[in-house]
Amino acid sequence: MSKPRTYLTTPIYYVNDRPHIGHAYTSLAADVLARWKRLDGHEVFFLTGTDEHGQKVEKAAREAGLEPQVFTDQVSEHFRDLARRMEFSNDDFIRTTEPRHRRACQALWTELARRGEIYLGHYEGWYAVRDEAFYGPEELTERDGARYAPSGAPVEWVREPSYFFRLSKWRDWLLRHYEENPDFIAPASRRNEVISFVRAGLQDLSISRTSFRWGVPVPDDPDHVMYVWLDALTNYITAAGYPDMDHPRWGFWPADVHFVGKDILRFHAIYWPAFLKAAGIEPPRRIFAHGWWTNEGQKISKSLGNVIDPLALIEQYGLDPVRYFLLREVPFGQDGDFQRRALVGRLNGELADGLGNLAQRTLSLIQRNCGGRLPEAEPRSEADRAFLARHVEPLPEQVRLLLDEQKFDAALSVLFSAVREGNAYITREQPWALRRSDPARMACVLRVLHDLLRGVATLLQPFMPGSMGRLLDQLGVPQEMRDIARLGAPLPPGTPLPPPSPLFRKIDEIP
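In what follows, the accompanying structure is described.

The rules we used
- Residues numbered from 1 in each chain as written.
- Predicted model: local features only at pLDDT ≥ 70, side-chain atom pairs only at ≥ 80, totals over all residues.
- Heavy atoms only, no water.
- Salt bridge = Lys/Arg side-chain N within 4 Å of Asp/Glu carboxyl O.
- Buried < 20%, exposed > 50% of the residue type's maximum accessible area, 1.4 Å probe, protein only.
- Helix = DSSP H or I, 4+ residues; strand = E, 2+ residues; numbered from the N terminus.
- Pairing = 2+ DSSP bridges.
- Expected span 1.5 Å × (residues − 1).
- Arc of directions from axis to C-beta.
- Phe/Tyr/Trp six-rings, centres within 6.5 Å; stacked < 30°, edge-to-face > 60°.
- Lys NZ or Arg CZ within 6 Å of the ring centre and 35° of its normal.
- Contact = heavy atoms within 4.5 Å.
- Polar contact = N/O pair within 3.5 Å; in protein donor to acceptor, adjacent residues only side chain to side chain.

### Overview of the pattern of salt bridges
Phase 1 of the analysis: Applying the stated criterion to the full structure yields 38 salt bridges.
Phase 2 of the analysis: E77 serves as the salt-bridge partner of R84, at 2.7 Å between the closest nitrogen and oxygen.

### Side note on the pairing of strand β16 (residues 287-290)
Phase 1 of the analysis: Along β16, one buried face is formed by I287 and A289 and the opposite face, lined by F288 and H290, is buried too.
Phase 2 of the analysis: Pairing of strand β10 (residues 185-186) with β16 involves 2 bridges; the strand directions are parallel. The residue bridging A186 from the neighbouring strand is F288, located in β16.
Phase 3 of the analysis: Here strand β15 (residues 257-261) runs beside β16; their pairing, made up of 4 bridges, is parallel. Across the sheet, the residue bridging to H258 is I287, located in β16.

### Side note on the sheet that holds strand β13 (residues 217-218)
Phase 1 of the analysis: Strands sit in the order β12-β14-β13 across an open sheet of 3 strands; the sheet is antiparallel. The open sheet has two free edges, formed respectively by β12 (208-209) and β13, since each of these has just one partner strand.

### Section: helix α4 (residues 99-114)
Phase 1 of the analysis: The end-to-end C-alpha distance of α4, which contains 16 residues, comes to 22 Å, matching closely the 22 Å that a straight helix rising 1.5 Å per residue would cover.
Phase 2 of the analysis: Along α4, the residues that are buried comprise H101, A104, C105, L108, W109, E111 and L112. The buried residues of α4 occupy an angular sector of 165° when the element is viewed end-on, so they sit on one face. Exposed residues on α4 whose side chains face more than 90 degrees from its buried face are P99, R103 and R114.

### Looking at unusual backbone geometry
Glycine aside, the phi torsion of most residues is negative, and most peptide linkages are trans.
Phase 1 of the analysis: For the peptide bond that leads from Y242 to P243, omega is 10°, which places it in the cis range.
Phase 2 of the analysis: Of note, P243 is situated in the loop between α8 (235-238) and β15.
Phase 3 of the analysis: Of note, the bond from E378 into P379 is cis; its omega dihedral lies within 30 degrees of zero at 5°.
Phase 4 of the analysis: Mapped onto the elements, P379 comes out in the loop between α12 (340-369) and α13 (382-391).

### A closer look at the packing of aromatic side chains
Phase 1 of the analysis: Enumeration over the complete set of coordinates arrives at 28 aromatic pairs.
Phase 2 of the analysis: Pairing Y25 with F332 gives two aromatic rings, centres 5.4 Å apart and planes at 55°, and the pair type is tilted. In this pair, Y25 is assigned in helix α1 (residues 21-39) and F332 in the loop between α11 (319-328) and β19 (336-338), connecting sequence segments 307 residues apart. The pair formed by Y25 and F332 is uniform in burial state, with each residue classed as buried.
Phase 3 of the analysis: Ring pairs connect the aromatic residues Y7, F45, Y236, Y242, W250, F252, W253 and W272, which therefore count as one cluster.
Phase 4 of the analysis: One Lys or Arg, R5, reaches over the ring of F252 and ends 4.7 Å from the middle of that ring.
Phase 5 of the analysis: When the ring centre of W292 is taken as reference, the NZ or CZ atom of K262 above it lies at 4.7 Å.

### Concerning the environment of L327
Phase 1 of the analysis: Inspection of the secondary structure assignment puts L327 in helix α11.
Phase 2 of the analysis: Owing to a relative accessible area of 1%, L327 belongs among the buried residues under this scheme.
Phase 3 of the analysis: Put simply, L327 and S196 are 131 residues apart on the chain and 29 Å apart in space, counted from C-alpha to C-alpha.
Phase 4 of the analysis: Aside from chain neighbours lying at most four places away, what touches L327 is Y25, L28, A29, V32, F332, F408, D409, L412 and F463.

### Details of the side chain of S162
Phase 1 of the analysis: Mapped onto the elements, S162 comes out in strand β9 (residues 156-165).
Phase 2 of the analysis: We classify S162 as buried; its relative accessible area is 0%.
Phase 3 of the analysis: Polar side-chain contacts of S162 include one of 2.6 Å to the side chain of S206.
Phase 4 of the analysis: Reaching out from S162, the side chain makes a polar contact with the backbone oxygen of S208 at a distance of 3.3 Å.
Phase 5 of the analysis: Each residue touching S162, except ones within four places of it in the same chain, is listed here: Y119, L120, G121, H122, Y123, S206, I207, S208 and H224.

In structure tokens, the structure reads:
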């Protein structure tokens, strides 16, 4: 029986600056889940891209002395480069300046207008250019004679003609949707925040601007461009083929998980499902809002000069250790503090001394004592069978359940608990001492360890694809047997294994 299709997205990243660790973190979570689902037999569509319209981009381009399209072409490429360097497995990279996206936005607008969900009025209120968002006076703070949004962005009073979306109409439906779909917003603390905000009441939403030109023109009224969030959110259905409901990708909609930062949850969990419902389109299944990183206890900001460049981390520590650390260190959904000491500690302790050492010891013993060929699986003792039944065989289902809830750190904890058990087993059984006294028992112990390493390496592929690919090479596992369904198919005894090589480079000191 085939497994359901899976559609996963990152937010599309705003192109007013270079990518930083927050961008890498969100995309990494989506990439790991996409890789896991493919490994588990699902057909997957994984989308990322860049958000290239709006007043903020127009302003940044002007300050750079460039036309907006030239500016966005350059900055968008930095995000493509991040995806390549971090080996993200996205199936598409969308840009909101593409013709397909303009068509989709205008089609959605036309459908909303046809259904009576849009009307022309004028807007006046407090607007933050940096956030591309309006705020009510009760949300603002005042200091030194200026007003600021909750994000810290300065606001200015804006009055201009505007089209409005009848957001207030959808308040009760949204509250019912949250109640009937308790997993729609995660984690639970974020869900509670959204529900409280919606219960307090919703005003109709300004969805067009006339004070700048860099955006998607409103159909039949080119003096207006679409509000950047209506434009940006539409990307998720643009990539699925909208408005062509016969497009091959439309079968992936609704999206299974939109991964976003907590600062843009409101747009995704309130505006987006309301837009879709109003247009007769099914809303996404889940919005997961992760937390923010600090750097060695300090808030990250350009003014402090402590922005973390993910590409620099990769150069220094290697790609897979960085991928591993970002999802291992902090429960996904919570805020976290990036500390180099912690990264080095996990690299040296869990990766090099834990998994790397277990693989090196096991495979070296097989090379020296078994002619470099996979030993027989039998005869196994009852203790061996109990060890595998407890620490190896349950791993796929344990990890599957945790990743379905986006509990990346817990999934890694389960896998590295098995690694620790493997190190305890090799120490306890001492296969190096069995070579002379009981070579058959030595071979059996090494085969148990090989089975454990194969299981762990297979399930760790989404997190560390490069190093786990190398480990599976060293374990003699052919490419066609590296998915979860084939874990139960044993490798034949006598399979030749190449000489092992170290998987991870230890860091001797913290730079």
